[in-house]
Structure formats: structure tokens, C-alpha cells
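One letter stands for each residue in the lines below.
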Amino acid sequence: MAQNDRRNSGTGSKPVESPRDARRPRSVRFSDSEWSLIERAAARHGIPAGELVRSGAVAAAEDRLGEPPPQTLSKGHAALIEAIYRSVYVMATLKRDELLDAGRRQEVDDLVAAARRTMAETMDDGPA
């Protein structure tokens, strides 16, 4: 998500911009079939076609230039994610012990393998 995608927390409707970084109209040409494709994709995402084009172009530029996207989580959100992770870890550990005590080691091994595959795919490390 680009820097200008951050919303003003007071209104929830206006992007946060500095006067020197205000958005200005730009001209880009698309064929009718290209624009139709963009409109359909934007509709599926519930956003205007221009927003899809803008966010896609900015994301591609950040990726190609090797620039990391701006931090999109507040410290409070990061703390919440960590608290949830710790709680899930404790519950998963208790459940694992319960399954092992019940002689269900294969189920535990299958769950761990699936979790590792998902984590690797999610972190762009490829399949485990």
C-alpha cells in the first residue's frame, strides 16, 4: 500500500497528504479493452478503476526499485498481533499435549507439517 493510502483517522475518508505531496491528475492512455479489463478488476475489489491503476502502478514501482513499502501497522496493531500470537501458541501447545497423550501423534505431525508449508508460502519462502 502506498504512503498516500493511509487514511486520516479523524474522518476515515481523506488520505493523509502533505501539501508538497498532494496528488495531481496525470494522463495515461488505455485501449477500450484494457480499460474494460481494469474496470472489471476494480469492481471485483470494490474500488474505483483509477484507484486500482494508481495503487498498482505505485506498488510496481516500489517493487522494481527495491523500496520497501511504508509501515502500515501502528504500534498498537503490532502489539495486538503479538498478544494474539502468544495466546494461540499457548492454546496450540495445550492441544498438542492433549493429542499426544491420546496417542494421536500422526495428527499432530500432519498439523505441524501443514502449518510449516503455509508459513513458508505466506512468507514467500516457497513450499517447505
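What you see is a predicted model; the values in this text were computed from it and never measured. (Residues numbered from 1 in each chain as written. Predicted model: local features only at pLDDT ≥ 70, side-chain atom pairs only at ≥ 80, totals over all residues. Heavy atoms only, no water.)

1. What to know about the overall build of the chain
Secondary structure summary: the chain contains four helices and zero strands in total. Starting at the N terminus and walking to the C terminus, you meet the elements of the chain as α-α-α-α. Residue burial in the chain is summarised as follows: out of 128 residues, 10% are buried. Across the chain, every contact between residues at least 6 apart in sequence was considered, and the portion connecting residues at least 24 apart equals 25%. Approximately 10800 Å² of the chain is accessible, and the part contributed by carbon and sulfur atoms is 57%. (Helix = DSSP H or I, 4+ residues; strand = E, 2+ residues; numbered from the N terminus. Buried < 20%, exposed > 50% of the residue type's maximum accessible area, 1.4 Å probe, protein only. Contact = heavy atoms within 4.5 Å. Areas by Shrake-Rupley, 256 points an atom, 1.4 Å probe, with all protein chains shown as cover.)

2. Side note on a nonpolar patch on the surface
Taken together, L80, I84, V88 and M91 make up a surface patch of nonpolar side chains, about 380 Å² in accessible area. Of note, I84 is situated in helix α3 (residues 75-101). (Patch = residues over 30% accessible without salt bridge, like charges linked within 9 Å, V, L, I, M, F, W, Y side chains within 5 Å. Salt bridge = Lys/Arg side-chain N within 4 Å of Asp/Glu carboxyl O.)

3. Details of the layout of surface pockets
As a volume, the largest pocket reaches approximately 610 Å³. In this structure, the largest pocket is lined by 14 residues; those nearest its centre are Y89, A92, L111, V112 and A115. When contributions to the lining of the largest pocket are tallied by element, the ones reaching two or more residues are α3 and α4 (105-122). Examining the composition of the lining of the largest pocket, we find that eight residues originate from one element, α3, more than from any other. Here the residues of the lining of the largest pocket sort into 10 nonpolar, one polar and three charged. (1 Å grid on protein atoms, 1.4 Å probe; cavity = no way out; pocket = protein on both sides within 12 Å on 5 of 7 lines; lining within 4 Å. Points joined across faces, edges and corners; volume = space filled by probe spheres on them. Nonpolar A, V, L, I, M, F, W, Y, C, P; charged D, E, K, R; others polar.)

4. Observations regarding α3
In this model, α3 (27 residues) spans 39 Å end to end at C-alpha, consistent with the 39 Å of a helix rising 1.5 Å per residue. With its phi angle positive at about 75 degrees, G103 sits one or two positions after the end of α3. (Expected span 1.5 Å × (residues − 1).)

5. With respect to the packing of helix α1 (residues 32-45) against helix α2 (residues 49-65)
Between α1 and α2, the least distance of the axes is 8 Å, while the angle of their chain directions is 95 degrees. If you check the angle between α1 and α2, you find them roughly perpendicular. For the pair formed by α1 and α2, the contact residues are W35, I38, E39, A41 and A42 on the first element and A49, G50, L52 and V53 on the second. (Axes fitted to C-alpha atoms, helices over the stretch in contact; angles between N-to-C directions. Parallel < 35°, antiparallel > 145°, perpendicular 65-115°, else oblique.)

6. What about the pattern of salt bridges?
In total, this model carries six salt bridges according to the counting rule given. In this structure, R54 and E51 form a salt bridge, with 3.0 Å as the shortest nitrogen-oxygen distance. Within this pair, R54 and its partner E51 are both found in helix α2, separated by three residues, close to a single helical turn. Classification of E51 as partly exposed rests on a relative accessible area of 22%.

The quantities given are spatial measurements derived from coordinates; they are silent on function.
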